[in-house]
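# Descriptive analysis of the structure
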Amino acid sequence: MRRKLTRSRKLASLLSLILASNATAEIVELSTIPIDASNAGTSEPQPTMDFNFSDFRGEIAAEESADSAELPLVALTQAQVPAAQPPALAPPTAPNLPTSPNVPINQLAPPALPPTTGNFGGALPTTLGATAGSYSAAPNMIGDIFGGGFSVFSGSQTVNFADYAAGTILNQGMGGGPGSANSILAFEFGTDIVPNDIFTTGTGLDTVGGGDGADTFSISEPIPPSDAMTAPGPGFVFDGGTAVFTGASGPTTAQAGVYNDGDLWYIKYSYTSTINSGSGGSSGSGVRSFIPVPGPGVSARRVKISENFSPEVRDRFFLSYSFFNDAFGGLGDISRYILGTERVLVDELISIEARLPMAGTYGSFQAIDRAESRSYELGNASLIAKAVLLRNQRLLLSSGVGMTIPTADDTILTAANREILRIENETFHILPFLGVQRRMSEKSALQGYLQLDIAANGDPVLANLTGGTLANLGTFTDSTLLHADVAANRRIYQNRRANFLRAVIANAEIHYTGTLQDSDIVSQGGLNYTNLKSNFSIVNTTLGLQFQLGDRMIVTPAFAIPLRTGLDQQFDYEAIVQLNYLR
């Protein structure tokens with residue numbers, strides 16, 4: 001009876017396996033797991049024994065002849081042979097997502113960010129065109145300089161008059177007469193019947209001696225309308241003059257003898273105009289005594305490459321705004337704008353940059369007999385080529401050269417609507433530079449620049465205070481400048497998953513600008529054009545923050561303060577806002 005029961009159990013197990021295999025003629029593997037009450041409920045694995053269907057039939061036959069001893073119960077497991085058709089493809093899974101179906105969906109981690117080597121971690125990236133991460137790796141220096149070429153037009157111009165004329169004694173018989181020191185003489189240089197161009201004044205002198213009477217008189221200023229020369233222009237002052245008895249044309253000094261009505265006299269006098277005398281007064285009625293004479297493109301003439309600049313190459317558009325409070329030399333407040341773009345050209349190694357400066361400032365056109373004029377001025381455009389020489393995990397080195405193009409207006413001074421000074425804007429500036437960045441840690445870096453500003457040619461200076469044809473005083477060549485700049489950058493905030501504010505970088509900078517030679521001087525006929533100061537040494541500091549907004553926008557507010565005084569202090573302070581859009 002027990003053998004029949006055992007055989008029935010095995011047949012039932014076999015039948016259940018056949019039904020589970022969808023009635024196919026599959027070969028299955030069976031394993032027996034002895035069920036031991038002593039280890040029931042434990043998790044320890046039990047020993048197994050594998051056998052196939054033919055072995056199973058052999059065991060049944062052997063058991064029929066065995067005695068009635070109890071056989072252990074078995075648990076059957078199935079390992080199915082793969083079907084003939086190909087298995088279904090597993091659905092794709094997101095990177096780094098757990099595949100266990102038991103993990104709740106709200107506990108699944110987001111995809112891991114790709115390794116970012118541009119945020120001061122690892123090597124600098126080789127493609128830095130348009131990511132906020134790349135900007136963190138090599139943030140821009142902010143800058144500091146005023147940039148205007150400020151010069152002064154000074155000196156004096158004297159206009160002389162000399163000629164011979166017959167003298168008519170106006171008070172003869174009334175205290176005057178031939179040889180009298182009390183005579184009033186009149187001189188005519190035109191065709192008037194009554195002489196009325198120049199008159200003597202005061203008491204005559206006997207400069208020859210011998211007691212033969214007066215031979216030299218002072219004269220009063222000719223008053224228009226007069227056939228004699230009057231003031232040649234606004235700001236000219238009558239220097240005085242003399243009427244000297246010669247008795248004939250040719251001599252210019254007093255001759256012995258007694259003058260008579262109708263004798264010839266040598267008349268000599270002059271007018272002088274002084275400009276930028278620094279006296280604080282006026283050179284003439286309504287004329288300013290000190291007139292600032294900015295070089296062409298004031299506030300935007302000289303270009304400092306390190307402003308809103310990085311040793312790294314990148315694709316970007318940018319706008320820089322600077323407000324200079326009380327600029328030196330009497331230029332007042334200045335608002336300067338710089339529009340620019342930078343484009344990477346070759347394998348993230350070479351870029352070309354273009355800048356166009358503009359300013360609301362002291363105008364390039366001034367009338368010395370009117371109040372100062374302020375206008376919106378276009379500066380000198382510039383092109384800058386930059387190449388990366390070395391880029392590794394800690395160091396970034398680049399170099400290049402820039403060039404300014406004379407797109408600004410000429411500088412012009414007028415008096416009484418007549419041009420008295422013109423400085424023609426013709427100078428091209430060559431700007432070689434070297435830039436370096438050293439990463440000190442994951443969050444901190446130092447960067448620095450050395451740059452020269454070399455005038456390749458000069459600006460012609462033409463002047464004539466009389467308002468006549470301008471005379472060429474010469475060519476003025478700007479002094480060579482040296483710029484040295486150092487900045488410390490530190491990332492103080494970062495959230496790369498943020499939709500708006502991704503990072504904040506703090507900048508602390510120190511800037512030096514100095515001349516490498518004395519200022520050029522253009523001088524002729526008593527007129528001079530030169531820099532306001534022969535040499536200067538400018539030191540400024542700049543503090544600012546750079547905000548990364550999203551993937552492409554960088555907003556930089558900053559503040560620059562001069563550390564020197566006198567004419568080495570170009571302004572009281574500079575307020576700065578820079579926008580960079582990374583393409």
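Since we're looking at a predicted model, the values are computed, not measured. (Residues numbered from 1 in each chain as written. Predicted model: local features only at pLDDT ≥ 70, side-chain atom pairs only at ≥ 80, totals over all residues. Heavy atoms only, no water.)

Our next topic: the overall build of the chain. Each helix and strand in the chain was counted, giving 3 helices and 29 strands. Here the chain holds 583 residues, and 43% of them are scored as buried. Partitioning the contacts of the chain with sequence separation of at least 6, the portion at a separation of at least 24 is 67%. Roughly 27,700 Å² of accessible area belongs to the chain as shown, and the carbon and sulfur atoms make up 59% of that amount. (Helix = DSSP H or I, 4+ residues; strand = E, 2+ residues; numbered from the N terminus. Buried < 20%, exposed > 50% of the residue type's maximum accessible area, 1.4 Å probe, protein only. Contact = heavy atoms within 4.5 Å. Areas by Shrake-Rupley, 256 points an atom, 1.4 Å probe, with all protein chains shown as cover.)

Here we take up the nonpolar core. Of all hydrophobic cores here, the largest spans 37 residues; its most connected members are Phe 153, Trp 265, Tyr 269 and Leu 421. Dropping the residues within four chain positions of it, Leu 421 is found in contact with Phe 153, Val 293, Thr 411, Ile 412, Leu 413, Val 461, Leu 462, Ala 463 and Leu 470. (Core = buried A, V, L, I, M, F, W, Y, C linked by side-chain atoms within 4.5 Å.)

Counting across every chain of the model gives 17 salt bridges. Put simply, Lys 304 and Asp 485 hold a salt bridge, and the shortest N to O gap is 2.8 Å. Note that Lys 304 is positioned in the loop between β9 (293–294) and β10 (316–327) and Asp 485 in strand β23 (residues 481–494), a separation of 181 residues in sequence. Residue Lys 304 is classed as buried on the basis of its relative accessible area of 1%. Relative accessible area serves as the criterion here: at 2%, Asp 485 is assigned to the buried category. (Salt bridge = Lys/Arg side-chain N within 4 Å of Asp/Glu carboxyl O.)

Bringing the sheet that holds strand β13 (residues 365–367) into the picture now. Within the open sheet, the 5 strands sit side by side as β13-β17-β18-β21-β22. Their pairing is mixed. Among the strands making up the open sheet, the edge pair consists of β13 and β22 (471–476). On average, each strand axis in the sheet is tilted by 20° relative to the strand beside it, whichever way the strands run. Sheet topology places strand β18 (residues 418–423) next to strand β21 (residues 459–463); 3 bridges connect them, and they run antiparallel. (Pairing = 2+ DSSP bridges. Axes fitted to C-alpha atoms, helices over the stretch in contact; angles between N-to-C directions.)

Taken together, the 11 bridges between strand β11 (residues 332–346) and strand β12 (residues 350–362) define a ladder with antiparallel strand orientation. When the bridges of β12 are listed, Arg 336 appears paired with Ala 359. The turn joining β11 and β12, which pair antiparallel and follow one another in sequence, is formed by 3 residues; a positive phi near 45° is taken by Asp 347. Where β12 lies against strand β15 (residues 381–391), 6 bridges are found, and the strand directions are antiparallel. By the bridge assignment, Ser 351 is partnered in β15 with Lys 386.

Turning our eyes to something else, we now look at unusual backbone geometry. Looking along the chain, the bond that leaves Pro 224 and enters Pro 225 is cis, with omega of -5°. Looking at the element boundaries, Pro 225 is found in the loop between β6 (216–219) and β7 (236–245). The backbone of Asn 308 sits at a positive phi, close to 50°, despite the residue not being glycine. If you trace the backbone, Asn 308 turns up in the loop between β9 and β10. Under the relative-accessibility criterion, Asn 308 is labelled buried at 1%. Even without glycine at this site, Asp 326 takes up a positive phi of about 55°. Mapped onto the elements, Asp 326 comes out in strand β10. A relative accessible area of 41% means that Asp 326 is categorised as partly exposed.

Once that is clear, we can look at the confidence of the model for the chain. Scored by pLDDT, the chain has a mean of 80; 73% of the residues are at 70 or more. Low confidence marks residues 60–79, where pLDDT is under 50. Its contacts with residues over four positions away, or in another chain, come to 32 contacts. Taken as a whole, residues 279–285 scores under 50 in pLDDT and shows 10 contacts with residues more than four places along the chain or in a different chain. (pLDDT = per-residue confidence, 0-100.)

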